[in-house]
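Secondary and tertiary structure notes
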Amino acid sequence: MTSADLVIRNGTVIDGSGAAGFQADVAVSGDRISAVGDLGAMAGAREIDAQGQVVAPGFIDVHTHDDRYLFTHPEMAPKASQGVTSVVVGNCGFSLAPWKNQGKDQFPMSLWQDREDLIFESAGGYLAQLERTPPALNAAMLVGHSSLRYGAMDDVHRAATDGEIAAMQDSLRDCIDEGAIGMSSGLFYPPAQAAKTEEVTAVAAVMAAKDGIYTAHIRDEADHLLEALEEVAQIGREAGVQVVISHHKAAGLSNFGMTKQSLPRIEEFQKQQRLTLDVYPYHASSTMILPHLVSRCRKVLITWSKPRPDVRGRDLAELAVEMGMTAEDAARALSPGGAIYFQLDEEDVQRVLSYPGAMIGSDGIPDDQHPHPRLWGTFPRVLGHYARDLGLMTLESAVHRMTGLPAAQFGFTGRGELRPGNFADLVIFNPKTILDSATFEAPTEPAIGIDSVFVNGLPVWRLGKATGERPGRPIRLGDTSRGG
Ligand code: ZN
Ligand code: CU
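Nothing here was measured: the structure is a model prediction, and the numbers come from that model.

1. With respect to the coordination of the zinc ion (ligand 1)
On the protein side, the zinc ion (ligand 1) has Cys92 (SG), His217 (ND1) and His247 (NE2) as donor atoms, found 2.0 to 2.2 Å from it. The sequence motif formed by the donor residues of the zinc ion (ligand 1) is C-x124-H-x29-H. Taken as an interatomic distance, the gap from the zinc ion (ligand 1) to the copper ion (ligand 2) is 3.1 Å; Cys92 donates to each of them. Remark: His247 occurs in the loop between β11 (242–245) and α9 (259–272) and His217 occurs in strand β10 (residues 213–217); sequence separation between them is 30 residues.

2. Here's the deal with the packing of aromatic side chains
Under the counting rule described, the total for this entry stands at 10 aromatic pairs. Relative to Tyr189, the ring of Phe188 has its centre 5.0 Å away and its plane inclined at 80 degrees; by these criteria the two rings are edge-to-face. We note that Phe188, like Tyr189, is buried. Through a chain of ring-to-ring contacts, the aromatic side chains of Phe59, Phe379 and Phe429 assemble into a single cluster. The aromatic ring of Tyr280 is capped on one face by Arg374, whose charged end is 4.6 Å from the ring centroid. A cation sits over an aromatic face here: Arg381 above Tyr282, 4.7 Å from the ring centre.

3. Considerations on the pattern of salt bridges
Counted under the stated rule, the structure contains 31 salt bridges. In this structure, the salt-bridge partner of Arg332 is Asp329, at a minimum N-O distance of 2.7 Å. One end of the pair, Arg332, and the other, Asp329, are both in helix α11 (residues 327–334), 3 residues apart, so they sit about a helical turn from each other. A relative accessible area of 34% means that Asp329 is categorised as partly exposed. Between Arg351 and Glu347 there is a salt bridge whose closest N-O contact spans 4.0 Å. Residue Arg351 and its partner Glu347 are both found in helix α12 (residues 346–354); the two are separated by 4 residues, about one turn of the helix.

4. Side note on the nonpolar core
One recurring pattern in soluble globular proteins is that nonpolar side chains are buried together. If you look at the biggest cluster of nonpolar residues, it comprises 116 residues, and the most contacted ones within it are Tyr126, Tyr214 and Phe429. Those residues in contact with Phe429 that sit more than four places away from it in its chain are Gln53, Val54, Ala56, Phe59, Leu383, Leu395, Val399, Ile434, Gly449, Ile450 and Asp451. In terms of nonpolar packing, the next biggest core, distinct from the first, is built from 21 residues, Tyr189, Val294, Ile302 and Ala331 among them.

5. Points about the environment of Ile165
Looking at the secondary structure, you find Ile165 in helix α5 (residues 162–177). Taking the C-alpha atoms as reference points, Ile165 and Ala192, 27 residues apart in sequence, are found 13 Å from one another. The contact partners of Ile165, leaving out residues within four places of it in the chain, are Ala160, Glu199, Ala202 and Val203.

6. Topic: the sheet that holds strand β13 (residues 285–288)
Strand order in the open sheet made by the 3 strands is β13-β15-β14, with antiparallel pairing throughout. At either end of the open sheet lies a strand with only one pairing partner, and these are β13 and β14 (299–305). When strand polarity is set aside, the average angle formed by the axes of neighbouring strands in this sheet is 20 degrees. Taken together, the 6 bridges between β14 and strand β15 (residues 337–342) define a ladder with antiparallel strand orientation. The residue of β15 that forms the bridge with Trp304 is Gly338.

7. Notes on the state of the cysteines
The tally for this structure, following the rule as stated, stands at 0 disulfides. The structure places no disulfide on Cys175, whose sulfur is separated from the nearest cysteine sulfur, that of Cys92, by 18 Å.

8. Some remarks on the coordination of the copper ion (ligand 2)
Here the copper ion (ligand 2) is held by the protein donor atoms His63 (NE2), His65 (NE2), Cys92 (SG) and Asp363 (OD), which lie 2.1 to 2.3 Å from it. Each of the 4 donor atoms bound to the copper ion (ligand 2) contributes to angles spanning 85 to 162 degrees, and the resulting shape is irregular. Site description for the copper ion (ligand 2): donor spacing in sequence, H-x1-H-x26-C-x270-D.

Conventions and cut-offs
- Chains are numbered independently. Their residues run from 1 in the order of the written sequence.
- The order in which chains are written sets their letters, starting at A; the order in which ligands are written sets their numbers, starting at 1.
- Since the coordinates come from a predicted model, pLDDT governs what is reported: local features require at least 70, and pairs of side-chain atoms require 80 or more to be given and counted, while whole-chain, interface and lining totals use all residues.
- Neither water nor hydrogens contribute to the side-chain values; these are computed over all heavy atoms in the structure.
- Shown as donors are all N, O and S atoms within 2.8 Å of a metal ion, widened to 3.2 Å for Na, K and Ca; because water is not in the atom set, sites may appear incomplete.
- Under the scheme used here, helices are H or I runs from DSSP no shorter than 4 residues and strands are E runs no shorter than 2 residues, and both carry numbers assigned from the N terminus.
- Centre distance within 6.5 Å is the pairing criterion for rings of Phe, Tyr and Trp, where only the six-membered ring of Trp is used; planes under 30 degrees apart are then read as stacked, over 60 as edge-to-face, and the remainder as tilted.
- Exposed residues in this analysis have more than 50% of their type's maximum accessible area, buried residues have under 20%, and partly exposed residues fall in between, with area computed by a 1.4 Å probe over protein chains only.
- Both a distance and an angle decide whether a charge sits over a ring: NZ of Lys or CZ of Arg must be within 6 Å of the ring centre and within 35 degrees of the ring normal.
- A carboxyl oxygen of Asp or Glu within 4 Å of a side-chain nitrogen of Lys or Arg is what we treat as a salt bridge.
- We call a set of buried residues a nonpolar core when its members are Ala, Val, Leu, Ile, Met, Phe, Trp, Tyr or Cys and they connect through side-chain atoms within 4.5 Å of each other.
- Any two residues having at least one pair of non-hydrogen atoms within 4.5 Å are treated as being in contact.
- Between any two strands, at least two bridges found by DSSP are needed for them to pair.
- Axis definition: a line fitted to C-alpha atoms, over the contacting stretch in the case of helices. Angles run 0 to 180 degrees between N-to-C directions.
- When two cysteine sulfur atoms are found within 2.5 Å, that pair is recorded as a disulfide.
- Tetrahedral means four donors with every angle between 85 and 135 degrees, whereas square planar (four donors) and octahedral (six donors) require angles over 155 degrees between opposite donors and between 65 and 115 for all others; sites fitting neither are termed irregular.

Given below as structure tokens:
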């Protein structure tokens with residue numbers, strides 16, 4: 001009789017490829033899936049009965065800001081509780097590494113830099129630290145273009161000189177050689193607003209030889225959404241790199257419905273270049289407090305405020321009345337801080353979610369005191385609310401967008417599909433009950449319906465609790481391979 005470390009019996013396997021689910025047992029030996037099928041003759045050192053449950057590859061959160069959280073909260077509860085087994089960190093232009101000669105007071109990097117032991121001059125140092133003090137989940141890192149700017153420039157509020165661009169190129173090249181999987185940019189944000197298209201293209205181009213990926217929080221998701229999409233598509237073509245449009249949306253009340261134009265344009269790009277997108281399943285966005293965003297929102301909630309720690313979770317309009325000023329002035333007075341902006345159209349959200357090439361990324365901000373509920377709810381919300389309850393897509397398609405699709409796009413070899421030989425990153429969930437519980441009012445409630453989560457063969461989450469195991473590994477460029 002053959003044996004395995006773990007046999008999960010009687011579940012419905014949704015394998016992440018998009019194919020229909022099927023009844024099968026799943027065996028795990030060491031860090032790998034060893035068999036899938038009728039394993040009645042196999043004995044497991046440990047057995048789980050998954051009758052009535054789905055067994056799927058662990059979810060890949062392609063858009064996160066977990067760079068530092070992986071070390072400060074290695075159990076990764078907000079993500080493990082959702083069935084996430086791998087995260088991509090360093091999005092929107094901001095990565096914890098590399099950190100060279102930056103002044104520590106430079107906002108927003110200063111938010112992260114309160115621990116001397118978590119300062120990494122290179123991607124290699126960051127990835128090595130993941131090996132030395134492993135978290136529960138796997139992680140791949142992007143190098144933030146804004147982080148590169150801080151390292152190369154004395155003042156980021158201007159265009160970079162040729163010398164500064166060369167310094168950014170050198171730094172990025174080193175990071176890619178050391179295993180970073182690509183670069184992110186956040187041209188929307190103050191530290192990169194002054195960057196010209198040519199600067200980003202020149203920097204991104206150093207990744208072409210190793211096929212690093214380029215993820216983009218575009219310059220404008222509101223009134224100039226289409227122009228901003230053109231810009232990053234051009235960067236991708238001229239730099240010769242694959243583009244991921246981050247958290248695709250149309251922002252601002254006056255731009256509702258704009259995804260009717262943006263998605264067809266994205267399809268056009270896809271005929272000429274490798275370009276894809278991710279999305280989170282909510283009609284509100286979240287970032288630092290930026291007063292100019294206030295007027296385009298239905299409502300704004302404060303997630304944290306340095307000058308007024310007491311106002312977290314509160315409505316900006318109410319605070320403005322109390323403070324005797326306009327909402328915009330109140331936002332200014334509460335800075336630095338973070339906020340949730342109700343500025344998206346639910347129909348746009350559903351249109352992007354329905355787009356077959358859309359990957360799922362939470363964009364959760366783990367250190368916010370009153371975070372956007374996407375941090376704890378994204379994946380179960382897509383599976384339960386949007387796929388099952390609203391019927392926006394099949395369960396198999398929803399699982400594919402969080403597993404096989406991102407694994408192929410980001411080149412995570414041996415992950416993303418449930419088949420023998422692959423890493424045993426697995427989630428067992430109840431398809432009838434899975435649902436997000438986190439709300440805008442109570443944003444840190446763990447989702448329901450997640451039974452067990454395994455990373456590299458070990459359980460990290462079981463029946464509502466972190467197990468304490470930390471089997472996560474860094475995923476390095478080079479360990480990865482993107483199919484054509
Ligand atoms: Zn972003
Ligand atoms: Cu982001």
